[in-house]
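Each chain, written out:
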Amino acid sequence: MLHLEYVYWLMGAWLALCALYNLRERRWAMAAFWAVVGCAFLFGDAIKAAGAAHTRWPAQLMGLGVIALGLLAVSGTMQMPSSTEGERRDSAARLGNRLFLPALTIPFATVALVLALPHLSWRGVALVEASQATLVSLALACVIAALVAVYTTRAPATQALAEGRRLLDTLGCVALLPMVLATLGGVFAATGVGDAVAAIVGAVIPVDNRLACLVAFALGMVLFTMIMGNAFAAFPVMMAGIGLPLLVHRHGAAPAVLGSLGMLTGYCGTLLTPMAANFNIVPTVLLELRDQYAVIRAQWPTALVLLVVNVILMAMLVFR
Amino acid sequence: MNYWPLIGVAVVIAGFALKRNPVLVVIAAGVASGLAAGMGVGDLLALIGDSFVSNRALLLFVLTLPAIGLLERYGLRERAQAWIASFRKLSLARLLIAYLGARQLLSMLGMIDLAGHAQTVRPLVAPMSEAAAQNDGIVLDDAARERVRALAAATDNVGRFFGEDVFLAFGAVLLIQGFYARNGIQLDPLSIALWALPTAIAAFVIHAVRIWWVQRSLERAHMKASGSEVTDAAP
């Protein structure tokens, strides 16, 4: 019924609209940038389907598009705010706490829909697939929130699109960073970067000392998470390289504890790396900070202390 | 073992260190790693295109922008600041520690997307933090403002990361269970999730102490600044 595909089409239409706005203002690079990204959403399922049927040119064309995005990103320009602080303060005083309602609609409607949608069906067909419920709910909640915001502010609906597009252009290519990083993760996995790192780590540690193995596992998780920007990508590599053969099989570590604490050790690395762009770089742009690494600077002491605590916890809990 | 694909890692590190455009750096790293692995151009393009499309869910947060953009045009951030300023006793540390705890608890219950940098930090938590810092008598010059905003974002990250792993159906727990299952070790997801609790508690304590510490250092910097004003005024 409500397929994730429709959400991607909505997203594609929204990006195409942003491209059109830029085209109208003769900002060619930005227009081309959002148009290419929009293609990934409008034709994503078609590209996937073609790939499954061994037709490779659509995916290759998309790959060319991604490389073009890298070149276009360099020439993008920033947007200026469309309103003065005085204007905003006046309308803040006029609308008061009513302004919070649409902002809170996004999170609360998302959760309500996540809980409700999987139980709803129409004529015996489930309304959404359980695995897609979160993303479909988030998209629906965004649409509902935009409508509530238009109703609350009594603004014309087109202004919501114009202001949204202004924010998107302010974010610029940084908005795309999480997606290209995940793409890189896929490329690294396919080219054997993970296996090479695990081989190097495995070659330098004394395998008979269980504490040395544990520390190597923990630091490997942190290091590899920092390189990939994602603990999920690091986990299978370090488990296959050190965790399973050395810690679990050779030294008898408890698998549940090792898995859980090992993953969380990787999260300490996520706090330390610009590669985890959606957590560490995107907010610096959202919050208009001058220092690209301001968020990492704010959280590295927490990450390092927690890393030490985590290694101690592992040493105490894993070998029982 | 072919070690040449590691050149992609070197490209990433060098690119980020030199502060080149991050999107260009990442794409260049992918191309370098693929060519070093001996892939043909056709295979590499298909791999990049397919991987890009497979990860498109990561851009969906952009759908929040029309609602947030419109609300900001009508003064959402100014309103959040005015609202928090009306609680005279709410200090920066209390606000952010309360947010940290709430974020962890909600994540543990699976409500991970209830908050986030686009959903809550930019429109609500960051402006509230600035107002709370001013409640404490901290004068926000550019450097102090930047520090407070970054701390708000960092608090959201810590709260999210060290809450979500306690949630049963979260991807990480299922990933761990799936990895072991493929290697012949059957585990109950609950037994994995519960072992995330000690780290969750440690993360709360450590980051709460750090929030309090940052507030102290901002207050001290302010006292020093106002102290020097007095000495400047004296003959």
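1. A short note on the overall build of chain A
And then number 1: Within chain A one finds 16 helices and two strands.
And then number 2: Overall size of chain A, expressed as C-alpha extent along the three principal axes, is 70 × 55 × 50 Å.
And then number 3: Within the span of chain A, comprising 320 residues, buried residues form 57% of the whole.
And then number 4: The long-range share in chain A, meaning contacts at least 24 apart out of those at least 6 apart in sequence, stands at 72%.
And then number 5: As displayed, chain A offers around 13400 Å² of accessible surface, 68% of which is attributable to carbon and sulfur atoms.

2. Considerations on the interface of chain B and chain A
And then number 1: Taken residue by residue, the interface counts 108 residues in chain B and 134 residues in chain A.
And then number 2: Summed over both sides, the interface between chain B and chain A buries roughly 11200 Å², with carbon and sulfur atoms accounting for 77% of that surface.
And then number 3: When the area that chain B buries against chain A is broken down by residue, the three leading residues are F52, R56 and Y74 of chain B, summing to 8%.
And then number 4: Linking chain B to chain A there are seven salt bridges.

3. Some details on the domain arrangement of chain B
And then number 1: The domain architecture assigned to chain B consists of domain 1 (4-54) and domain 2 (63-233).
And then number 2: Each of domain 1 of chain B and domain 2 of chain B was reduced to a C-alpha centroid, and the two centroids are 33 Å apart.

4. Quick notes on the domain arrangement of chain A
And then number 1: Assigned domains within chain A: domain 1 (85-155) and domain 2 (192-317).
And then number 2: Once you take the C-alpha centre of each, domain 1 of chain A and domain 2 of chain A turn out to be 36 Å apart.

5. A word on the pattern of salt bridges
And then number 1: Evaluation of the coordinates by the stated rule reveals 19 salt bridges over all chains.
And then number 2: For the salt bridge of E25 of chain A with R27 of chain A, the shortest nitrogen-to-oxygen distance reads 3.9 Å.
And then number 3: A residue is classified by how much of its surface remains accessible, and R27 of chain A, at 16% relative accessible area, is buried.
And then number 4: We note a salt bridge from R88 of chain A to E78 of chain B, for which the minimum N-O separation is 2.9 Å. One end of the pair, R88 of chain A, is in helix α5 (residues 85-95); the other, E78 of chain B, is in helix α5 (residues 76-85), on a second chain. This pair shows no difference in class: R88 of chain A is buried, exactly as E78 of chain B is.
And then number 5: One connected set of salt bridges, linked through shared partners, spans E25, R27, R165 and D169 of chain A.

6. Observations concerning the packing of helix α7 (residues 117-135) of chain B against helix α8 (residues 142-164) of chain B
Residue and element names in this part refer to chain B.
And then number 1: Running from N to C, α7 and α8 cross one another at 135 degrees; their axes reach a closest spacing of 9 Å. The orientation of α7 relative to α8 falls into the category oblique. In terms of crossing hand, the pair formed by α7 and α8 is right-handed. On the side of α7, the interface is formed by H117, T120, V121, V125, A126, S129, E130 and A133, while α8 contributes R145, V148, R149, A152, A153, D156 and N157.
And then number 2: Residue composition of the contact of α7 with α8, grouped by class: seven nonpolar, four polar and four charged.

7. Some words on helix α3 (residues 41-54) of chain B
And then number 1: Here α3 of chain B is 14 residues long and its end C-alpha atoms lie 20 Å apart, about the 20 Å a rise of 1.5 Å per residue gives.
And then number 2: L44, L45, A46, L47, I48, G49, S51, F52 and V53 of chain B are the residues of α3 of chain B that are buried.
And then number 3: Its buried side turned inward, α3 of chain B meets α2 (28-42), α3 (44-52), α4 (57-74) and α9 (177-191) of chain A together with α2 (22-36) of chain B.

8. Overview of empty space enclosed by the protein
And then number 1: With the rule as written, the count across this model stands at one cavity of 30 Å³ or more.
And then number 2: V66, V180, T183, L184 and V187 of chain A together with V26, I27, G30 and I48 of chain B together form the lining of the largest cavity.
And then number 3: Broken down by secondary-structure element, the contributors of at least two residues to the lining of the largest cavity are α9 of chain A together with α2 of chain B.
And then number 4: Take the lining of the largest cavity: its biggest share by element is four residues, from α9 of chain A.
And then number 5: In terms of residue class, the lining of the largest cavity is made up of seven nonpolar, two polar and no charged.

9. Some remarks on helix α12 (residues 231-250) of chain A
Residues and elements named next belong to chain A.
And then number 1: Taking 1.5 Å as the rise per residue, α12 with 20 residues should run 28 Å; its terminal C-alpha atoms sit only 24 Å apart, a clear shortfall.
And then number 2: Maximal helix bending in α12 amounts to about 55 degrees, located at M239.
And then number 3: Along α12, the residues that are buried comprise A231, A234, F235, V237, M238, M239, I242, G243, L244, L246, L247 and V248.
And then number 4: Phi for G252, located one or two positions after α12, is positive at around 70 degrees.

The rules we used
Residues numbered from 1 in each chain as written. Chains lettered and ligands numbered in written order. Predicted model: local features only at pLDDT ≥ 70, side-chain atom pairs only at ≥ 80, totals over all residues. Heavy atoms only, no water. Helix = DSSP H or I, 4+ residues; strand = E, 2+ residues; numbered from the N terminus. Buried < 20%, exposed > 50% of the residue type's maximum accessible area, 1.4 Å probe, protein only. Contact = heavy atoms within 4.5 Å. Areas by Shrake-Rupley, 256 points an atom, 1.4 Å probe, with all protein chains shown as cover. Buried area = accessible area lost by both parts, 1.4 Å probe. Salt bridge = Lys/Arg side-chain N within 4 Å of Asp/Glu carboxyl O. Domains from an automatic or database assignment. Axes fitted to C-alpha atoms, helices over the stretch in contact; angles between N-to-C directions. Parallel < 35°, antiparallel > 145°, perpendicular 65-115°, else oblique. Left-handed = near helix turned anticlockwise from the far one by under 90°. Nonpolar A, V, L, I, M, F, W, Y, C, P; charged D, E, K, R; others polar. Expected span 1.5 Å × (residues − 1). 1 Å grid on protein atoms, 1.4 Å probe; cavity = no way out; pocket = protein on both sides within 12 Å on 5 of 7 lines; lining within 4 Å. Points joined across faces, edges and corners; volume = space filled by probe spheres on them. Bend = angle between axes of the 7 residues up to and from the residue.

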